[in-house]
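Listed below are the residues making up each chain.
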Amino acid sequence: MLADAIAAERFRLSRDRVALFWGFGFMPLVAMLFSMAGDLFVRLVLRKGVPGETTVDLANRAMGAVAGASGPITALFLLIGAAAIFAGDYRWETWRLITPRNHRVNLLAAKLIVFAEAAAWSLLLTAVTAVLAGLFGSVVNHGRLVGPPTGFLGHFAGVFIITWLEVLLIGALAALVGVLTRSTLGAVIAGLVTVFVQSTLAATMQDTTWKSLAIPAYAGRILKTFLTAPVGFRPEAGPAGLALVLLLVWLVVLAGGATALFRRQDLTKE
């Protein structure tokens, strides 16, 4: 039954081209265009007539783009896609038609899984567009491509997974707020305010304590720093391990809260 619910959610999202584009495809494309515009500016204004060779590190560009894909601006568009997935049935009043055909836990779990899949593809698109922008910059500025550093694939995979986990928290938050408010707009606004506040708090934190690690943005930053640091300069593993545990706890709490609320809702008019 869960497989049927997942297949149905995939089909529905694939047909919702507006949510698919704005939620998961828009920001990677915009980031690529901004990067290309920056390279053109450097070529035409800053380096006009200035000799010298530049280098372009495609690997670090891709990893940096993925690492920054959980920020507040990107979160806004991710919340648009998440709200369409988790709260769209309230808007179109289709829950009363769907819930008799499957278990409520399966229906919400399917939405979480489909959001996770779409988020992973969005992060992969972010990496690809960053590489394309880097290639464009190397051509425009006559830059020399440099190879990836040793161990890059492991570092990239680690950063990708941690950013994906942060994005899943955004989706789980949208699920909780969407179920609570029964509104797509409520899920977007409340989710964006929460992401902005916790990102601002994370930027002000100096000491690594369990309280600071309880802020998802700060925990994600600590984990990415730990994963990408050279072996000889890598910080202690304790804070990174606690950060990972707290991120997983947040995911379970948000997803579990959304599921508990959804199971007890009266959907006869939804």
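This text follows the structure it describes.
Here goes a summary of the coordinates provided. (Residues numbered from 1 in each chain as written. Predicted model: local features only at pLDDT ≥ 70, side-chain atom pairs only at ≥ 80, totals over all residues. Heavy atoms only, no water.)

### Some remarks on the pattern of salt bridges
Here comes step 1: Taken as a whole and assessed by the stated rule, the structure comprises 8 salt bridges.
Here comes step 2: Ionic pairing is found between glutamate 9 and lysine 111, a salt bridge with its closest N-O pair at 3.0 Å. With glutamate 9 in helix H1 (residues 2-15) and lysine 111 in helix H6 (residues 104-140), the pair connects residues that are 102 residues apart, well separated along the chain. Across this residue pair, the class does not change: glutamate 9 and lysine 111 are buried.
Here comes step 3: The residue arginine 96 makes a salt bridge to glutamate 93 at a minimum N-O spacing of 4.0 Å.
Here comes step 4: What you see here is one network of salt bridges that share partners, running through Glu9, Arg12, Asp89 and Lys111. (Salt bridge = Lys/Arg side-chain N within 4 Å of Asp/Glu carboxyl O. Helix = DSSP H or I, 4+ residues; strand = E, 2+ residues; numbered from the N terminus. Buried < 20%, exposed > 50% of the residue type's maximum accessible area, 1.4 Å probe, protein only.)

### What about a nonpolar patch on the surface?
Here comes step 1: Together, Trp121, Leu124, Leu125, Val128, Leu132, Leu135 and Leu145 give the surface a local cluster of nonpolar side chains, amounting to about 630 Å² of exposed area.
Here comes step 2: No other element matches the 6 residues that H6 contributes to the nonpolar patch.
Here comes step 3: Its place among the elements puts leucine 132 in helix H6. (Patch = residues over 30% accessible without salt bridge, like charges linked within 9 Å, V, L, I, M, F, W, Y side chains within 5 Å. Areas by Shrake-Rupley, 256 points an atom, 1.4 Å probe, with all protein chains shown as cover.)

### A word on the packing of aromatic side chains
Here comes step 1: Scanning the entire structure with this criterion turns up 11 aromatic pairs.
Here comes step 2: Centroid distance tryptophan 22 to phenylalanine 26: 4.6 Å. Interplanar angle 40°. Geometry classified as tilted. Remark: phenylalanine 26 and tryptophan 22 occur in helix H2 (residues 17-46); sequence separation between them is 4 residues, near one turn of the helix.
Here comes step 3: Centre to centre, the rings of tryptophan 95 and phenylalanine 262 are 4.7 Å apart; their planes meet at 50°, and the pair counts as tilted. Remark: phenylalanine 262 occurs in helix H11 (residues 237-263) and tryptophan 95 occurs in helix H5 (residues 95-98); sequence separation between them is 167 residues. Here tryptophan 95 and phenylalanine 262 have matching classes, each one buried.
Here comes step 4: One aromatic cluster is present, built from ring pairs that chain together Phe21, Trp22, Phe26 and Phe77.
Here comes step 5: When the ring centre of phenylalanine 262 is taken as reference, the NZ or CZ atom of arginine 104 above it lies at 5.6 Å. (Phe/Tyr/Trp six-rings, centres within 6.5 Å; stacked < 30°, edge-to-face > 60°. Lys NZ or Arg CZ within 6 Å of the ring centre and 35° of its normal.)

### Considering H11
Here comes step 1: Between its first and last C-alpha atoms H11 spans 39 Å; for 27 residues at 1.5 Å apiece the expected length is 39 Å, and the two agree.
Here comes step 2: All buried positions along H11 are accounted for by Ala240, Ala243, Leu246, Leu247, Leu251, Leu254, Ala255, Ala258, Thr259 and Phe262.
Here comes step 3: Buried residues in H11 make contact with helix H4 (72-92), H5, H6, helix H7 (152-181), helix H9 (210-213) and helix H10 (216-228). (Expected span 1.5 Å × (residues − 1). Contact = heavy atoms within 4.5 Å.)

### With respect to H4
Here comes step 1: Compared with an ideal rise of 1.5 Å per residue, which puts 21 residues at 30 Å, H4 spans 28 Å between its outermost C-alpha atoms and is within 8% of the ideal.
Here comes step 2: Of all the bends in H4, the largest measures some 55° and sits at phenylalanine 86.
Here comes step 3: Two residues or fewer past H4, glutamate 93 is found with a positive phi of approximately 55°. (Bend = angle between axes of the 7 residues up to and from the residue.)

### A word on the nonpolar core
The nonpolar side chains of a soluble globular protein tend to be buried, and buried together.
Here comes step 1: Phe86, Tyr90, Phe115 and Phe262 are the most contacted members of the largest nonpolar core, which has 52 residues in total.
Here comes step 2: Every element with two or more residues in this core is listed here: H1, H4, H6, H7, helix H8 (184-204), H10 and H11.
Here comes step 3: Of the residues forming this core, the biggest block, 12 residues, is contributed by H7.
Here comes step 4: Contacts of phenylalanine 86, omitting those with residues within four sequence positions, involve Leu108, Lys111, Leu112, Phe115, Gly171, Ala174 and Ala175.
Here comes step 5: Judged by nonpolar contacts, the second largest core, of 11 residues, contains Met63, Leu123, Phe156 and Val159. (Core = buried A, V, L, I, M, F, W, Y, C linked by side-chain atoms within 4.5 Å.)

### Re the side chain of serine 199
Here comes step 1: By the secondary structure assignment, serine 199 is in helix H8.
Here comes step 2: Overall, serine 199 belongs to the buried group, its relative accessible area being 18%.
Here comes step 3: Not counting the four nearest positions on each side in its chain, serine 199 is found in contact with Pro72 and Ala217.

### Considerations on the packing of helix H3 (residues 58-67) against H7
Here comes step 1: Axis separation between H3 and H7 bottoms out at 9 Å; the angle between their running directions is 15°. Between H3 and H7, the crossing angle belongs to the class labelled roughly parallel. As H3 runs across H7, the sense of the crossing is left-handed. Contacts from Ala59, Asn60, Ala62, Met63, Val66 and Ala67 of H3 reach H7 at Phe152, His155, Phe156, Val159, Phe160 and Thr163.
Here comes step 2: Residue classes in the contact of H3 with H7 are distributed as 9 nonpolar, 3 polar and no charged. (Axes fitted to C-alpha atoms, helices over the stretch in contact; angles between N-to-C directions. Parallel < 35°, antiparallel > 145°, perpendicular 65-115°, else oblique. Left-handed = near helix turned anticlockwise from the far one by under 90°. Nonpolar A, V, L, I, M, F, W, Y, C, P; charged D, E, K, R; others polar.)

Note that every value here comes from positions in space, so none of it alone points to a role or purpose.
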